[in-house]
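Report on the structure
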Amino acid sequence: MTDGRDATPRPQLECPFEKIHPSQLNRDDTFFMSLAYNQAIEAWRQDEVPIGAVIVHKGEIIAAAHNAVETLRDPTAHAEMLAITQAASHLGDWRLNECTLYVTKEPCPMCSGATIMSRLGRVVYAWGDPKMGCLGGAYPVHSLPRLNHRVEVVSGVLEEQCRAILQAYFAQKRAE
Ligand SMILES: [Zn+2]
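Below you will find a few notes about this structure. (Residues numbered from 1 in each chain as written. Predicted model: local features only at pLDDT ≥ 70, side-chain atom pairs only at ≥ 80, totals over all residues.)

Bringing the sheet that holds strand β4 (residues 122-127) into the picture now. The strand order across the open sheet formed by five strands is β2-β1-β3-β4-β5, and the pairing between neighbours is mixed. Each edge of the open sheet is held by one strand with a lone partner, namely β2 (60-66) and β5 (152-155). Each strand axis lies, on average, 15 degrees off the axis of its neighbour in the sheet, ignoring direction. Bridge count between β4 and β5: four bridges; the pairing is parallel. What sits directly across from Y125, in β5, is S155. Relative to β4, helix α5 (residues 159-175) is tilted by about 65 degrees, and along the sheet it contacts β3 (99-105) and β4. (Pairing = 2+ DSSP bridges. Helix = DSSP H or I, 4+ residues; strand = E, 2+ residues; numbered from the N terminus. Axes fitted to C-alpha atoms, helices over the stretch in contact; angles between N-to-C directions. Contact = placed C-beta atoms within 7 Å.)

Here it is in structure tokens:
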């Protein structure tokens, strides 16, 4: 996924984590988070910080992306930003009221802002980020008192796996 931007090919890396193959019969929050997790594995394989996101509209997956900051040499190329752009493009509408964003880590200030600007109906994240998370972890930007749009926020879905892959990636980077 490059969004037509100028991409720099990255070396293919082995990821020590395996993709989840969830049952299609139970398309609940855990199911969709599993697909976001699989995107995080794709990120690792491209030596990108392993964070993945998918966006679901009326039960259908309309966007799937992972961090691509290095590949695109773009500091805004976070999984959530790329997925939001894909979803708006798919729907032909920037308003994502009827969509749910699944992301493996709590969104940063930029991406939390984007969930508000795109009027996302619901955001589900795996693990909270006490340093940069702006949907409650470090700061609740979605609770600004004068906002008209209220995004529903759910956390803790597939938390252990999504935290483990990120921590392992950073541990490996530190060891290198
Ligand atoms: Zn972000």
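Structure shown, so let's carry the discussion forward.
What follows covers helix α4 (residues 109-117). Given 3.6 residues to a turn, an α-helix orients residues that are three or four positions apart in the same direction. Three or more residues of α4 are buried, namely C111, S112, A114 and T115. The buried residues of α4 occupy an angular sector of 155 degrees when the element is viewed end-on, so they sit on one face. On its buried face, α4 is in contact with α3 (79-91), β3 and β4. Within two residues after α4, R119 carries a phi angle of roughly 55 degrees, on the positive side. (Buried ≥ 20, exposed ≤ 12 C-beta atoms within 10 Å, placed from the backbone. Arc of directions from axis to C-beta.)

Counting buried residues in strand β1 (residues 52-57) gives five out of six residues, a clear majority hidden from the surface. Across six bridges, β1 lies against β2 in antiparallel orientation. Pairing of H57 across the sheet is with E60, part of β2. Linkage of β1 to β2, two consecutive antiparallel strands, is achieved through a turn of two residues, within which K58 is found at a positive phi near 50 degrees. In terms of strand pairing, β1 meets β3 through five bridges, oriented antiparallel. Bridge pairing in β3 links I55 to L101.

Core analysis: the biggest nonpolar cluster contains 46 residues, and M33, A36, A53, V54, A83, L101 and Y102 have the highest contact counts within it. For this core, the leading source of residues is helix α1 (residues 29-45), giving seven residues. (Core = buried A, V, L, I, M, F, W, Y, C linked by C-beta atoms within 7 Å.)

Once that is clear, we can look at the pairing of β3. Where burial is concerned, most of β3 is hidden: seven out of the seven residues are buried. Alignment of β3 against β4, held across five bridges, turns out to be parallel. Bridging across to β4, L101 finds its partner in V123. Taken together, β3, α4 and β4 constitute a β-α-β crossover, and its handedness is right-handed. (Right-handed = clockwise from strand over helix to strand, strands pointing away.)

What follows is about α5. With 17 residues, α5 should cover 24 Å at 1.5 Å per step; its first-to-last C-alpha distance of 24 Å lies within 8% of that length. Buried within α5 are the following residues: C162, I165, L166 and Y169. Looking straight down α5, one finds its buried side chains confined to an arc of 90 degrees; they lie on one side. In this structure, α5 carries E160, Q167, A171, R174 and A175 as exposed residues pointing more than 90 degrees from its buried face. Contacts made by the buried residues of α5 are with α1, β3 and β4. (Expected span 1.5 Å × (residues − 1).)

Everything listed here is a matter of geometry and, on its own, says nothing about what the molecule does.
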